[in-house]
Amino acid sequence: MQKPLIDKYGRHVSYLRVSVTDRCDFRCTYCMAENMTFLPKSQILTLEELDQLCSAFIARGVRKLRLTGGEPLVRRGIMDLIHDLSRHLKSGTLDELTLTTNGSQLATYADDLARAGVKRLNISLDTLDHQKFADITRRGRLEQVLTGLQAAKEAGIGIKINAVALRGQNEDEFSRMLAWCGQEGFDLCLIETMPLGDIDGDRTDHYLPLTVVRERLEKDWTLIPSNHVTPGPARYVSVAETGGRLGFITPLTHNFCEGCNRVRITCTGTLYMCLGQEDHIDLREILRENDPALLDAALDRAMLLKPKGHDFIIDRKGQKPAVSRHMSMTGG
Ligand code: SAM
Ligand code: SF4
């Protein structure tokens, strides 16, 4: 392996998240505005460039790769990229190749993903109520996602459900979702809304601290602190009644930056060292120089730029988002 990627705080970057598209078939209210202007295709990295970039990071010690978006499974040719990247799993230079998806296309792709060596998926699902699902996603159909979930389960893929906690929208559903995940053998991970990108409306209306959610869940469930750690920022408990796991991602009530091991690339090839900060390096132009030494030098520069942590706050009505780019741009 070439020189590992270590930032100036001594954190080893071993996890890369890549947004393969900014487009999506849904318009979740906390993520996007109803009318989004997406990037012209010319600005988006080609599949070959995405492969080249991921492979450069893997050569520098990245062991876990997550494809995200937008919705990664709506990118044309995405399965070709995934099959190509799976060579790193076969050679043992990559431990895990995974995706975060809204599940809408899984009925089509689950078997193929399993064949490519995808062993686990994060699937975003905020509610099990058909009407609420339609309201939150603006364009999604719950039935389609549930069919996709079953296809992934039958293909033998491990599933973690990600649900954003939204005051007044899904806050009364977490107990039911925990029971359902327990029955299905899925982990559940709850996420606080993060102030990323302009959306229609005010996020503070729906912000729900997970400390509150946890207290409420503890009335019905025995939550046992767990040592389970993943390369992600979630903190886990075991649920005694189901034997399942419940994770909390709490960027606002608990800052998890000290152990951060990851960086993110947008679909235009911009490398962000932190989801919640603006520090970035444009790798697309460097990539197009076709000189691996230049790319490596850029990755070294990036390590010096990785900030200590984010500065999210979400307590003032009408404030601008902490970061102007949407989650669908940087990738969740
Ligand atoms: N489309 C895919 C999906 O929904 O899973 C992948 C991309 S999506 C941007 C990744 C994750 O980010 C999803 O779990 C979504 O719920 C979450 N997300 C989007 N905007 C968010 C926000 N402002 N705060 C917290 N989570 C957000
Ligand atoms: Fe699309 Fe995922 Fe954002 Fe929802 S959260 S709009 S599914 S990118």
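About the cut-offs
- Residues numbered from 1 in each chain as written.
- Chains lettered and ligands numbered in written order.
- Predicted model: local features only at pLDDT ≥ 70, side-chain atom pairs only at ≥ 80, totals over all residues.
- Heavy atoms only, no water.
- Core = buried A, V, L, I, M, F, W, Y, C linked by side-chain atoms within 4.5 Å.
- Buried < 20%, exposed > 50% of the residue type's maximum accessible area, 1.4 Å probe, protein only.
- Helix = DSSP H or I, 4+ residues; strand = E, 2+ residues; numbered from the N terminus.
- Contact = heavy atoms within 4.5 Å.
- Arc of directions from axis to C-beta.
- Polar contact = N/O pair within 3.5 Å; in protein donor to acceptor, adjacent residues only side chain to side chain.
- Pairing = 2+ DSSP bridges.
- Axes fitted to C-alpha atoms, helices over the stretch in contact; angles between N-to-C directions.
- Parallel < 35°, antiparallel > 145°, perpendicular 65-115°, else oblique.
- Left-handed = near helix turned anticlockwise from the far one by under 90°.
- UniProt positions renumbered as here; feature names shortened; annotations may be inferred.

1. Here's the deal with the nonpolar core
As a rule of thumb, nonpolar side chains are buried together in soluble globular proteins. Core analysis: the biggest nonpolar cluster contains 96 residues, and F57, I161 and L283 have the highest contact counts within it. Tallying contributions element by element places helix α1 (residues 47-59) first for this core, with seven residues. Excluding anything up to four places from it in sequence, L283 contacts L53, F57, I265, G269, T270, L271, L295, A298 and L299.

2. Remarks on the environment of Y9
Mapped onto the fold, Y9 is located in the segment before β1 (15-19). Taking the relative accessible area as the measure of exposure, Y9 reaches 39% and is therefore partly exposed. Sequence separation of Y9 and M303 is 294 residues, and the distance between their C-alpha atoms is 9.3 Å. Leave out the neighbours within four places in its chain, and Y9 touches K306, P307 and K308.

3. Focus: helix α5 (residues 130-137)
Looking at α5, one finds that the buried residues are F133, I136 and T137. Buried residues of α5, seen end-on, are gathered within an arc of 85° and therefore sit on one face of the element. Where α5 begins, the capping side chain belongs to D129, and its oxygen is found 3.0 Å from the backbone nitrogen of Q131. Directly beyond the C-terminal end of α5, a positive phi value near 65° is found at R138.

4. Side note on the sheet that holds strand β2 (residues 64-68)
Read across the sheet, twelve strands follow the order β7-β8-β9-β6-β5-β4-β3-β2-β1-β10-β11-β12 without closing on themselves; strand pairing throughout is mixed. With one partner strand each, in any of the chains shown, β7 (223-225) and β12 (280-282) form the two edges of the open sheet. Between one strand and the next, the sheet's axes are offset by a mean angle of 25°, whatever the strand orientation. Sheet topology places strand β8 (residues 235-239) next to strand β9 (residues 245-249); four bridges connect them, and they run antiparallel. Across the sheet, residue V237 finds its bridge partner in β9, namely L246. Sheet strands touched by helix α2 (residues 78-85): β2 and β3 (96-101). Its angle to β2, the strand with the most contacts, is close to 180°. Strands in contact with helix α10 (residues 292-305) are β10 (262-265), β11 (270-272) and β12; relative to β12, the strand with the most contacts, it is inclined by about 165°.

5. Description of the packing of α1 against α2
Across the interface, α1 lies against α2 with an axial gap of 10 Å and an inter-helix angle of 30°. By the angle between their axes, α1 is roughly parallel relative to α2. The interaxial crossing formed by α1 with α2 has right-handed handedness. When α1 is examined against α2, the residues L47, L50, D51 and C54 are found in contact with a partner set consisting of L81, D84 and L85.

6. Here we look at the UniProt feature "binding site: GTP" (unreviewed entry) in the protein chain
UniProt's entry tags R17, R66, T100, K160, R262, V263 and R264 with the feature "binding site: GTP" (unreviewed entry), counted in the numbering of this structure. Summarising the element assignment, K160 is placed in strand β5 (residues 158-164). A relative accessible area of 14% means that K160 is categorised as buried. Sequence-distant contacts of K160, that is, excluding residues within four places in its chain, are made with L121, N122, I123, D187, C189 and Y236. Within the fold, R264 resides in strand β10.

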